[in-house]
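A closer look at the structure
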Amino acid sequence: MPDILLATLNAQYSHASLGLRYLSANLGELRSQAKLLEFTLEQRPIDVVEALLAQQPKIVGLGVYIWNVAHTTEVVAMLKTVRPDVTIVLGGPEVSYECDEQRIVQLADYVIAGQGDHAFAALCRQLLSGERPATKIIRAAVPKMDEVALPYREYTDADIAHRLIYVEASRGCPFKCEFCLSSLDQTAWPFQQDVFLAEMQLLYERGARHFKFVDRTFNLNVKASKRILEFFLERMADDLFVHFELIPDRLPEALKESIVKFPPGSLQFEIGVQTLNPDVQARISRKQDDAQTAENLRWLRAHTQAHLHADLIIGLPGETLASFGAGFDRLAQLNPHEIQVGILKRLRGAPIARHTQAFDMRYSPQPPYNILSNADIDFSTMQRLQRFARYWDMIGNSGRFVRTRELLLADAPFERFLKFSDWLFAISRQTHRIALDRLYELVFDGLVELFIVDVEVLRDVLTRDYFESGARGAPKFLNEPLAAALSSDARAHAKRQARHRRAE
Ligand code: B12
Ligand code: SF4
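Residues numbered from 1 in each chain as written. Chains lettered and ligands numbered in written order. Predicted model: local features only at pLDDT ≥ 70, side-chain atom pairs only at ≥ 80, totals over all residues. Heavy atoms only, no water.

Topic: the pattern of salt bridges
Applying the stated criterion to the full structure yields 30 salt bridges. Ionic pairing is found between R163 and E38, a salt bridge with its closest N-O pair at 2.9 Å. Taken together, the positions of R163 in the loop between α6 (157-162) and β7 (165-167) and E38 in strand β2 (residues 34-40) put the pair 125 residues apart, joining distant regions of the chain. Judged by its relative accessible area of 7%, R163 falls in the buried class. With relative accessibility at 22%, the residue E38 sits in the partly exposed group. Linked by salt bridges that have partners in common, R21, E38, D159 and R163 make up one network. (Salt bridge = Lys/Arg side-chain N within 4 Å of Asp/Glu carboxyl O. Helix = DSSP H or I, 4+ residues; strand = E, 2+ residues; numbered from the N terminus. Buried < 20%, exposed > 50% of the residue type's maximum accessible area, 1.4 Å probe, protein only.)

Structure below.
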């Protein structure tokens, strides 16, 4: 039985925990006394407790994040009730800042704030040799990246076969966007590239084909990024898929040369735009060249096959409904495959807290601490925008309405989609679990009712989208002869779309 358990509740099974694998890989001589157990949010906390205690551990290290803190608090409360002698060590971004008053911290024995790669091993050594650290909250020193053992051999064959493989070529971010936890990093620390790529080679040889880079700004060091892109290009295969997060205004020629070579379905970029309002950018210390951003997005869309996700945030201090809408319209015009509309959250430790009073920022006290209202957007408008974001994900981003999206947005994307979103909620009173056929029918009804459209054109366009999404029912709008005529081409398209959806 292991003395040390490392455990966390992931958002979903497909998301494997990279953080815990680092901790495990860096346990040194304690590695053989440790076991990694992963759960998901769907599991009941009491079942998690049972599974943990069945291993009879002395120490349980738990990874705490914004998505699991509520569940993990219950786990810790029960663990401590049943087995107060088991030492609970917490770590992860959700307990790394402003943690003194958190219930989970009060219940646990120790907290390692910050990067736990070496600090967890050091604490376990102390605890197992009977020593007691002087303080409950231990702030970990930033480890030197070339002294951190890489975690990739901790991925099992089952992980490789069924889950996204998270990887990290550099850690941290040099930028200071105040809503983001990475703004607290002093810089970005690269891992030794040869060593990193050798591990990627090993993963590749073991069959890994879905690589998701968690680097905050993949395109920071162009030489290093190019080498990584070329590494994957040399190993291109039908099922290879790589995902990177980019800053939008930096795309030098050297990177472009590599990016254009990626075939369809193999490359995905998440591009943080966040806001296109220069006043708001300045207020939250985000440096961004919007003209360059637009040019890069345009170029990527026109000259590459990369799947583009651009992020925008609702609720930043000083962002009004109108200025958010203007940003959305500008971005929609650049036509990324997805616009990910996120609701501002007040992450523990994030410097955006300094605007709370001046902009009357009111955040939910429950994780994930969504903004509820602020000086510019009242609660009911914020709720409308929440629904806008949700419906946008179902319709605008799902890849299921590629052609209909154009009819829906026309020349005023934000205004029209907000109108549609208000209508959809009034009719359905639902933002979740709308069956796919019903959603298609609602889109048809909404377009007919709200906007001036040629119904026959709409019927054709929606039939194509419906068919290409892989659906095979008989919704009322279907143009039967067209549906029958749609070829295997459509099925191939559906497969590609499904691949993107699987990769997210
Ligand atoms: C992958 C990821 C996800 C995945 C989930 C992964 C999973 N396992 O389930 C998905 C895509 C679902 C996700 C969603 C969200 N995420 Co996210 N996500 C990440 C991301 C990109 C990578 C995490 C990672 O692997 N990092 C690399 C490892 C090495 O770092 P680490 O996990 O922090 O682990 C280190 C330390 O924290 C510590 N540590 C970790 N566990 C433990 C345990 C112990 C015992 C100890 C001692 C130490 C310790 O040591 C580790 C090694 O140094 C990070 C950004 C980043 N690059 O870190 C954001 C991040 C974790 N996410 C964040 C946020 C805000 C979100 C969202 C709310 C975003 C949104 N939609 O608005 C959602 C939440 C979804 C929900 N359901 O509520 C914030 C975290 C805020 C917080 N307090 O937890 C981060 C840090 C981004 C940021 N810079 O602001 N996310
Ligand atoms: S939003 Fe992106 S660029 Fe800004 S601090 Fe966070 S990771 Fe860095």
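Still more to cover.
Thoughts on the site of ligand 1
In the vicinity of ligand 1, 37 residues are found, and the nearest of them are A11, Y65, I66, E94 and D117. Note that an oxygen atom of ligand 1 is positioned 3.0 Å from one of the backbone N or O atoms of G116. Taking R171, its side chain carries an N or O atom lying 3.2 Å from an oxygen atom of ligand 1. Going through the elements one at a time, α1 (18-25), β3 (59-63) and β4 (87-91) are the ones with two or more residues in the shell around ligand 1. (Near = heavy atom within 4 Å. Polar contact = N/O pair within 3.5 Å; in protein donor to acceptor, adjacent residues only side chain to side chain.)

Thoughts on the pairing of strand β14 (residues 338-343)
One ladder, built from six bridges, connects strand β13 (residues 307-314) with β14; its direction is parallel. Along β14, the bridge assignment pairs H309 with E338. On the question of chirality, the crossover connecting β13 to the parallel β14 by way of helix α12 (residues 321-334) is right-handed. (Pairing = 2+ DSSP bridges. Right-handed = clockwise from strand over helix to strand, strands pointing away.)

Points about the site of ligand 2
As a structural note, the neighbourhood of ligand 2 is formed by C173, F175, C177, F179, C180, S182, S183, R216 and R286. Among the residues making up the shell around ligand 2, the classes are represented as five nonpolar, two polar and two charged. (Nonpolar A, V, L, I, M, F, W, Y, C, P; charged D, E, K, R; others polar.)

What is shown is where atoms sit, not what they do.
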